[in-house]
Amino acid sequence: MPQFDALNSFPDVNPWLTGQSEGSGLKRVILVGLALLFAGAAAAQELKSPRISVVKVDWDAAAASIVDGPTGTPAEVFAKLNAATGISFPRIDGSSVPVLLPYDVDAFIKDRAANPEPAPEKAVENADRFMRSGFRPTKFFVTGPAGYDSAFALTLADVRELSDIRYADPVYVLFSGLAMTYELDGPAMPDGELVKSLQDEYPGIRRYLHESYIRYSFERFGATYVAAIYCLDTRPRSKILTCKQADRVVERFLRALKLAGGLPAPALEKPEPLSLDRPAETSKDFTYFSPGFIIPNTGLKKDTGGRGDYTVYARLRFPLKDAPAFANSQSFNNWGDCDFTGRSVRNPRRKDQPYSCNVNGRPLVFNESAPGNYSYPWRDNFCEHRRYFVGQCPGGEGHQGQDIRPSSCTLFNDGADRCQPYQHEVVAAHDGFLLRARKQEAVYLFINTPAMHVRVRYMHMNPNQLDADGIVSGKLVREGDIIGKVGNYNRTERGTTYHLHFDMQVPTKAGWVFVNPYMTLVAAFERLIGARGTEIKDGDPAPAIVGVPPVIMSPSDRASVAQAPIVQTHASVSATDKPQKAKEKPHKKRKHARKRRKHDDG
């Protein structure tokens with residue numbers, strides 16, 4: 001028999017979903033029926049296409065800027081460059097903007113003239129000798145109608161001028177040449193500051209510190225270029241790259257750039273608005289709260305909510321292979337840790353033990369499979385309390401993306417309170433190229449088409465399995481290809497709940513920034529199920545909770561097991577903690593410094 005949580009003992013409509021008090025259950029059920037009957041009116045809010053600006057590249061100026069290089073028309077000049085650099089950077093002739101790279105093109109062309117037919121197995125090795133200033137190519141170099149994206153690595157200890165920096169890991173520079181940039185409707189982007197030391201080489205270049213990346217943005221030949229490094233604005237430590245240290249790496253990178261290729265072509269036309277067609281039939285089951293309507297009091301501050309962004313930024317395939325799926329918070333729902341904001345029961349241990357988050361008092365139970373977790377309606381949590389920098393959220397901090405639970409939870413036995421991982425498949429949301437270094441759990445998918453330039457990130461899959469399956473930088477995937485399985489990996493096995501974190505970034509004049517993927521996911525899910533969802537707006541009645549019962553791997557003959565094995569995780573109790581008494585004395589609030597959590601960045 002499936003386990004039930006305290007929420008199931010509430011009336012048919014949960015007051016925590018509607019903001020209403022208990023009582024008048026029959027009246028609310030009737031209202032719910034009317035809401036579903038008039039679903040067209042409930043979902044009347046129009047979806048929006050993103051606003052995109054396109055560039056006009058001056059290919060004549062780009063060709064003329066090459067000194068002592070190939071001559072001829074722009075098409076002839078770049079054809080010769082592409083032939084040379086294409087050995088190290090395949091598909092360089094697919095970029096719609098001139099490609100700048102830390103690569104000594106002139107020296108390479110001279111070397112090829114002296115050694116015109118190197119052994120095939122030595123071609124790439126020989127070409128890599130001409131990288132400049134100590135930077136190494138990675139296997140990630142993507143070109144297309146929207147420009148190009150690339151990644152380069154630098155080991156600081158190998159560079160005399162930077163060897164005083166104690167950071168031991170390779171530093172990765174993400175570099176993009178943009179043929180289109182997105183104009184966002186949310187909070188204004190930072191203005192940045194002029195970089196005086198680079199004005200002679202890059203007039204107008206500006207420096208931005210935004211969403212934990214140091215970015216240097218400039219325009220050349222009409223296109224926008226952005227170099228970015230993940231960093232923290234803190235004191236130097238061996239395991240942390242500070243933003244001041246990253247500044248030195250970026251400046252070195254920019255001084256090493258040379259024109260390396262591209263495809264002269266007519267100016268890119270402004271993309272047509274995305275097709276926002278929705279199924280004609282209305283789903284009997286799928287409902288979703290309006291974007292920005294996060295769980296009450298779970299924003300950066302109690303009075304800070306989300307942001308009602310109806311923009312569909314890309315036409316994607318839903319990232320889980322099968323329906324149903326449930327978009328909701330993994331931190332502020334059942335079994336969640338309340339994102340370190342405090343719980344009424346400090347360390348719940350027993351399955352179905354009731355508790356609440358201190359920030360709102362919402363009734364929860366210690367059971368990851370509880371019906372409230374695996375039921376509609378969906379809930380946006382892009383701007384939920386997570387303490388990550390998110391420029392599009394009120395207050396500038398939030399979650400960065402959306403938590404998605406798969407169709408069901410599998411429990412090891414009747415008494416288990418945790419879902420078993422790796423039961424559901426994750427798929428590519430579009431044709432594109434992957435960015436992911438081995439051993440990392442974050443998987444980026446870059447999408448580059450005449451109408452879209454976005455990158456999406458998947459998290460919490462097992463990195464060892466991703467390595468074994470070849471899910472690494474440079475891999476081309478097709479929409480719907482299986483790229484992993486839903487997990488609970490967060491620096492360690494069982495480090496979070498069973499869910500997929502999915503987020504989305506788009507390029508702006510200041511580089512890649514997070515945008516709310518919620519309505520993009522709503523539209524993708526509607527296409528997956530072939531039916532339109534019903535939007536529940538603030539104040540509207542909500543459907544009853546009808547959760548998906550868990551799957552029990554090892555059923556017991558008894559009704560339930562008294563106690564499930566305790567597994568130490570970031571969200572659960574430490575094995576050394578003492579059991580809680582039936583009635584606890586209120587704990588005094590303790591001040592503590594909480595380290596900002598670093599996320600993986602491909």
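Summarised in this report is the structure supplied together with it. Note that the coordinates shown come from a computational prediction; the quantities given were computed from them, not determined experimentally.

The subject of this paragraph is the state of the cysteines. What the rule picks out here adds up to 4 disulfides. Two residues share a disulfide in this structure: Cys231 and Cys243, whose sulfurs sit 2.2 Å from each other. On the sign convention where negative is left-handed, the bridge of Cys231 and Cys243, at about 90° about the S-S bond, is right-handed. Highlighted residues: Cys231 in the loop between strand 10 (223-230) and helix 8 (243-255) and Cys243 in helix 8, separated in sequence by 12 residues. Of the two residues, Cys231 and Cys243, neither departs from the other in class, the shared state being buried. Disulfide partner of Cys338: Cys357, at an S-S distance of 2.0 Å.

If you look at the biggest cluster of nonpolar residues, it comprises 62 residues, and the most contacted ones within it are Phe318, Trp378 and Tyr458. When contributions to this core are tallied by element, the ones reaching two or more residues are strand 6 (180-183), strand 12 (282-289), strand 13 (326-327), strand 22 (443-448), strand 23 (453-459), strand 26 (500-508), strand 27 (511-515) and helix 10 (518-529). When residues of this core are assigned to their parent elements, the largest contribution, 7 residues, is made by helix 10. In contact with Phe318, other than residues within four places in its own chain, are Ala325, Trp378, Ile404, Val427, Leu521, Ala524, Phe525 and Leu528. If you look at the next biggest cluster of nonpolar residues, it comprises 59 residues, including Val159, Leu162, Ile165 and Val171.

Ala323 connects to Pro324 through a cis peptide bond whose omega is 0°. The topology assignment puts Pro324 in the loop between strand 12 and strand 13. The linkage connecting Tyr376 with the following residue, Pro377, adopts the cis geometry, with an omega of 5°. Topologically, Pro377 is positioned in the loop between strand 15 (363-365) and strand 16 (388-389). For Phe221, which is not a glycine, the phi torsion comes out positive at approximately 60°. Tracing the backbone through its elements, the reader meets Phe221 in the loop between strand 9 (213-220) and strand 10. Relative accessible area serves as the criterion here: at 15%, Phe221 is assigned to the buried category.

So, on to helix 8. An ideal rise of 1.5 Å per residue puts 18 Å on 13 residues; helix 8 measures up with 18 Å between its terminal C-alpha atoms. Along helix 8, the residues classified as buried are Cys243, Gln245, Ala246, Asp247, Val249, Val250, Glu251, Phe253 and Leu254. For helix 8, the elements touching its buried residues are strand 4 (147-154), strand 5 (171-178), strand 8 (206-210), strand 9 and strand 10.

Here we come to the environment of Gly470. With respect to the helices and strands, Gly470 occurs in the loop between helix 9 (463-468) and strand 24 (476-477). Residue Gly470 is classed as partly exposed on the basis of its relative accessible area, which comes to 24%. Separated by 32 residues in the primary sequence, Gly470 and Arg438 have C-alpha atoms spaced 9.1 Å apart.

Read across the open sheet, the 7 strands follow the order 3-4-5-10-9-8-7; overall the sheet is antiparallel. Bordering the open sheet on either side are strand 3 (136-144) and strand 7 (193-194), each of which pairs with just one other strand. Taken together, the 5 bridges between strand 5 and strand 10 define a ladder with antiparallel strand orientation. Among the inter-strand pairings, Leu174 is bridged to a residue of strand 10, identified as Ala228. Each of strand 4, strand 5, strand 8, strand 9 and strand 10 is contacted by helix 8, which is oriented at about 30° to strand 9, the strand it contacts most.

A word on the pattern of salt bridges. Inspection of the entire model under this criterion finds 23 salt bridges. With its nearest N and O atoms 2.9 Å apart, the salt bridge here joins Lys509 to Glu219. Placement of the pair is Lys509 in the loop between strand 26 and strand 27 and Glu219 in strand 9, with a sequence separation of 290 residues. Taking relative accessible area as the criterion, Lys509 reaches 39% and is therefore assigned partly exposed. With a shortest N-O distance of 2.8 Å, Arg278 and Glu526 are connected by a salt bridge. Placement of the pair is Arg278 in the loop between strand 11 (258-261) and strand 12 and Glu526 in helix 10, with a sequence separation of 248 residues. Taking relative accessible area as the criterion, Arg278 reaches 18% and is therefore assigned buried. In this structure Glu526 comes out as buried when scored by relative accessible area, which is 1%. Several salt bridges converge on common partners, so that one network encompasses Lys48, Arg51 and Asp185.

Criteria and thresholds
- Residues numbered from 1 in each chain as written.
- Predicted model: local features only at pLDDT ≥ 70, side-chain atom pairs only at ≥ 80, totals over all residues.
- Heavy atoms only, no water.
- Disulfide = S-S within 2.5 Å.
- Helix = DSSP H or I, 4+ residues; strand = E, 2+ residues; numbered from the N terminus.
- Buried < 20%, exposed > 50% of the residue type's maximum accessible area, 1.4 Å probe, protein only.
- Core = buried A, V, L, I, M, F, W, Y, C linked by side-chain atoms within 4.5 Å.
- Contact = heavy atoms within 4.5 Å.
- Expected span 1.5 Å × (residues − 1).
- Pairing = 2+ DSSP bridges.
- Axes fitted to C-alpha atoms, helices over the stretch in contact; angles between N-to-C directions.
- Salt bridge = Lys/Arg side-chain N within 4 Å of Asp/Glu carboxyl O.

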